[in-house]
Each structure stands twice: as C-alpha cells, then as structure tokens.
Amino acid sequence: MKKVLIIDDNKDIHTVLEGLLIKNNDITFSHAYNGMEGYNKLKQLQPDLTILDNQMPVMSGFDLLEKLKRENKKYPIIMLTAFGQISDAVAAIKLGALDYLTKPFDEDQFNLIINKALRIGSLKNTSREMATKASLQYNERYHIIGESKIFKNLLKDAALVAPTDINVIINGSNGTGKEEIAKYIHYYSKRSNRQFIAVDCGAIPDNLFEREMFGAVKGAYTGAEQDTKGLFEAADGGTIFLDEIGNLSPSAQTSLLRVLENRVYRQVGGLEEKKLDVRLISATNAKLLNEVSKGSFREDLFHRINGFDLLLPDLKDRKDDIPLLVNHFITKFNTELNRNVQQVSPQAMETLQNHHWSGNIRELINTIQKAVLLCPETSLTNNHIRLSNHTNNNELKKENNLINEIINKDISINEKIELFEREVIKHAVETNNGNKSSAASSLKISRKTLYEKLKKFGLFKHS
C-alpha cells in the first residue's frame, strides 16, 4: 500500500485529490494544512508521494521546498499550480519538485503524472541501497569517471532509475556527457542486451522525421524500392536516445506524442500497426519547461517524456574530478598517439583545474589530446597545454585581415553580412574540431539552426 501526503490549507482540495487518487490506487492518506506541519510529516512518514500547494499559512510550499533543498533532502513531490502559471512550475522543479499539477485537474493528465510519481516514490523508498551498489559496480565496468559528491549523487539517481522502464530526461550543457549517462542507464537496465540507438533531433529535417523514426513501405515515396526499417524498429526491445529533443518541430512533437500515448506506430505509407517496445531517454541543453511556457514545446509531450529527470553538472562545478579525467584521457591518448606521458606537473594540473571549461568534458578531451601530442617527454607541463580561449597574435591578425577584406568588398551590405556570418560559422566549427554541438554552443544557437546555416553556406559535411 502506497503512502500519500497532501499538504494544502484548503480542505476541499484534500477531498478532491482523495477522490481522484483512490480510483486506481491502493493508498493510505495523510494530511497537513500548512507548510510547517507538512515538513514535519514528510520527515516522519517518508511518503511515496507528496502533493504540495504553495499558498499556505506558516510556511508556503516554495519555502518548504527551499528548506528541503538546503537540507539536501529529496522526496517525490508534486506541486499544485494554477492554470497557466508555468513559471511557478519551473520554479518548483528547480527547487526539487518532481513534477506539477495544474488546477483545475484534467483527469488524464492527473493520472499520468500521479502514476509516474508513485512509481518513482516507491522506487526511491525501497531501492536506494541497491542503487548505490549498482552505481559502484557499473562505475567500474563502464568507466564512468567521477568521485565528486555532485557527480556521485547523479550516478546514484541514474542507477536508481536504470532497472525500470521509466522515461528519462537528461538536462545538461553541451559537452557534459549526456549520451554517456544515457548509455549508463541502458547498460544497467534489463534492455542492456538489445540495441542502444542515439538520434540527433537537430539533424533530422522536419519532412523526414516520420520516415527516419517509423520507416517506410515500398512505394511510399519516390525512390522507395523496398521496405525500410525506422529507428524505433531498429531499437526494438532496447533504448532510443533522443538528443536535443527540444529541437523537434511542432509536427514532429505531435507524431512522437501520438506514438508514446498509443505505444504503436505505422511505417510511412503502411497500414499495419507495429507495437512500440523501446525505453525512451531524452536529452536537452535547455530547460524544456521554459520552452513549454513559451509555447514552443508541447506540455503534454513534456509530461510523457519526463518520467525521471537528471541534471548533469558542468565540469567547472566538479573540479575535484578533473585530475581523474585528465589521467584517464592521458592513458587513452598515450595509446592512440604513441606517447608515454606518465605525470602532470602540479602547475599544469592547477591550470587545468582553474580553467572555466565552457565546452565541458568535450573541451577537456580536445585539450588533453593536443597536450599529449605536443609532449614528447614523460611529464606534461603548461608548455604543452593549449586552452581554447587563448588566441595568439597571428590568429588575431588573420581574423582582422578577413574582417577588413569583407568590409572593403564591392558588394551590398546584406551580402557582406552573409559573408561575415559564413566565416564566423566556419571558424566556430574549425575551432571546435568539427564538433557541431560545441560549435552551436559557442555561437549561442541550436544545433538545428547550425545545420541549416551550414547547408545554406555550403559548409555542411557529415561527421
């Protein structure tokens, strides 16, 4: 029997929630009518789920969430918010709430969010020790590097959700290793003996989304000479990883939502319904709730994919892990580049730990690769480190000459702007070693926009 705590100063809300919850669940209820009473009962009861209102006497819902965050206490909490107040939901989730419910309640949405929360609540209350052990075992087997407190907490949560079929959203800046964590979850799941397929949502043109994801039958379009499998079918029984899911167009979002709701799909041009049997992991470098509030991402799709969320820290927030990562990548590149680097000087390690790492682990990998290549000795020093934000005088002169050349060309201002934009994009891709994600991040644009501009300026090359 699952335990649910309702914290709201309005007794009518307690009655409504009990009526909705009791329909499909075996539940015991506890009640609190202000934030402080709710806080005390949370600690005492350790409920599988807490439903929390904000506007209450003594202590508001937000104050309660802030108090729990300061104490580093995590409970499965659903925040109640008025219709249209997505900003409150965003604030609540930043403070640690699992999800939110909008009043008045839509019963289908209510059931979706509550059932998801109850599964996670039961999991958290019964599997913490097992998940911690699993995390350590997995860490050894799959070389997930990190001993900092913030990263170990992430690994515990990833190991906690891995054995389930709950959909996961991984939030994090570009280069933090979202795909590696997705693989971590897959390889410790019951689907680990089946395919893990990664999909770059920014690289699929809108008009090809259904063909790529669902496949097509012979004759469905010009040139379709045989049936083709889609990515969902290729990942059957396994895991599909939708990277940068926020780049999906409205029509692609609608198609994906329909499949996730019905758990069936049809190939383009086909009539036969195929059962969907994949675990969905999504990733984004943007806060999807902000996109929901702006209307650029469907709220109902957000709730479908947001079964459990993980936040990857930036490398600058886990500096204690940098020596471990540096030594790991030195070992890797010693083999690849036929070098014999055995140590890093204290000054060089200090330089690496104090760098901002705007490109995160991806930037660190590139930096260590260059450093190992430049180091013929056994000790790596500052002389071998080339940090990405250090521009030498020759490069600066070259860039200034290029700017002057464009300015002096006998063409229209619009043509000059386009030419300059082309060079900026080309430079961003080159300085990020061809990595589209890092280039897009440095330009403060989405990968989808970058792909469009690369095609426009004839710079596109598959990588």
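Attention here is on the structure that accompanies the text.

Basis of the calculations
- Residues numbered from 1 in each chain as written.
- Predicted model: local features only at pLDDT ≥ 70, side-chain atom pairs only at ≥ 80, totals over all residues.
- Heavy atoms only, no water.
- Salt bridge = Lys/Arg side-chain N within 4 Å of Asp/Glu carboxyl O.
- Helix = DSSP H or I, 4+ residues; strand = E, 2+ residues; numbered from the N terminus.
- Buried < 20%, exposed > 50% of the residue type's maximum accessible area, 1.4 Å probe, protein only.
- 1 Å grid on protein atoms, 1.4 Å probe; cavity = no way out; pocket = protein on both sides within 12 Å on 5 of 7 lines; lining within 4 Å.
- Points joined across faces, edges and corners; volume = space filled by probe spheres on them.
- Nonpolar A, V, L, I, M, F, W, Y, C, P; charged D, E, K, R; others polar.
- Core = buried A, V, L, I, M, F, W, Y, C linked by side-chain atoms within 4.5 Å.
- Contact = heavy atoms within 4.5 Å.
- Arc of directions from axis to C-beta.

## Observations concerning the pattern of salt bridges
Turning to step 1, where the next piece is worked out: What the rule picks out here adds up to 24 salt bridges.
Turning to step 2, where the next piece is worked out: Glu-244 serves as the salt-bridge partner of Lys-178, at 3.9 Å between the closest nitrogen and oxygen. Here Lys-178 is found in helix 8 (residues 178–187), whereas its partner Glu-244 is found in the loop between strand 10 (239–243) and helix 11 (250–262), with 66 residues between them in sequence.
Turning to step 3, where the next piece is worked out: Taking the relative accessible area as the measure of exposure, Glu-244 reaches 4% and is therefore buried.

## With respect to empty space enclosed by the protein
Rolled over the atoms, a probe with the dimensions of a water molecule shows which regions are left empty.
Turning to step 1, where the next piece is worked out: Taken as a whole, this structure holds one cavity of 30 Å³ or more when the rule is applied.
Turning to step 2, where the next piece is worked out: Looking at the largest cavity, its volume works out to about 50 Å³.
Turning to step 3, where the next piece is worked out: Residue lining of the largest cavity: Cys-201, Ile-204, Pro-205, Asp-206, Phe-209, Asn-247, Leu-248, Ser-249, Ala-252 and Lys-448, and that is the complete set.
Turning to step 4, where the next piece is worked out: Split by residue class, the lining of the largest cavity holds six nonpolar, two polar and two charged.

## Side note on the layout of surface pockets
Turning to step 1, where the next piece is worked out: Approximately 1,200 Å³ is the volume found for the second largest pocket.
Turning to step 2, where the next piece is worked out: For the second largest pocket, the lining is made up of 37 residues, of which Lys-74, Lys-94, Gly-96, Asp-309 and Leu-311 are closest to its centre.
Turning to step 3, where the next piece is worked out: Those elements that provide at least two residues to the lining of the second largest pocket are helix 3 (61–70), helix 4 (86–94), helix 7 (149–161), strand 6 (168–171), helix 12 (288–294) and strand 14 (308–311).
Turning to step 4, where the next piece is worked out: It is helix 7 that contributes the most residues to the lining of the second largest pocket, five residues altogether.
Turning to step 5, where the next piece is worked out: For the lining of the second largest pocket, the class distribution of residues is 21 nonpolar, six polar and 10 charged.

## Concerning the nonpolar core
What tends to happen in soluble globular proteins is that the nonpolar side chains get buried as a cluster.
Turning to step 1, where the next piece is worked out: If you look at the biggest cluster of nonpolar residues, it comprises 42 residues, and the most contacted ones within it are Ile-170, Ile-181, Ile-185 and Leu-310.
Turning to step 2, where the next piece is worked out: Sorting elements by how many residues they give to this core places helix 7 first, with seven residues.
Turning to step 3, where the next piece is worked out: When residues no more than four places from it in sequence are discounted, the contact partners of Ile-181 are Phe-151, Leu-154, Leu-155, Ala-158, Ile-170, Leu-310 and Leu-312.
Turning to step 4, where the next piece is worked out: With 35 residues, the next largest nonpolar core counts Ala-89, Cys-201, Ala-235 and Phe-297 among its residues.

## Description of helix 20 (residues 447–456)
Turning to step 1, where the next piece is worked out: By the burial criterion, the buried members of helix 20 are Arg-447, Leu-450, Tyr-451 and Leu-454. Buried residues in helix 20, looked at end-on, bunch into an arc of 100°, giving them a common side.
Turning to step 2, where the next piece is worked out: Contacts made by the buried residues of helix 20 are with strand 7 (196–200), strand 10, helix 18 (413–431) and helix 19 (436–443).
Turning to step 3, where the next piece is worked out: Gly-458, located one to two residues past helix 20, shows a positive phi value of around 65°.

Such coordinate-based values are descriptive only and should not be taken to indicate function.
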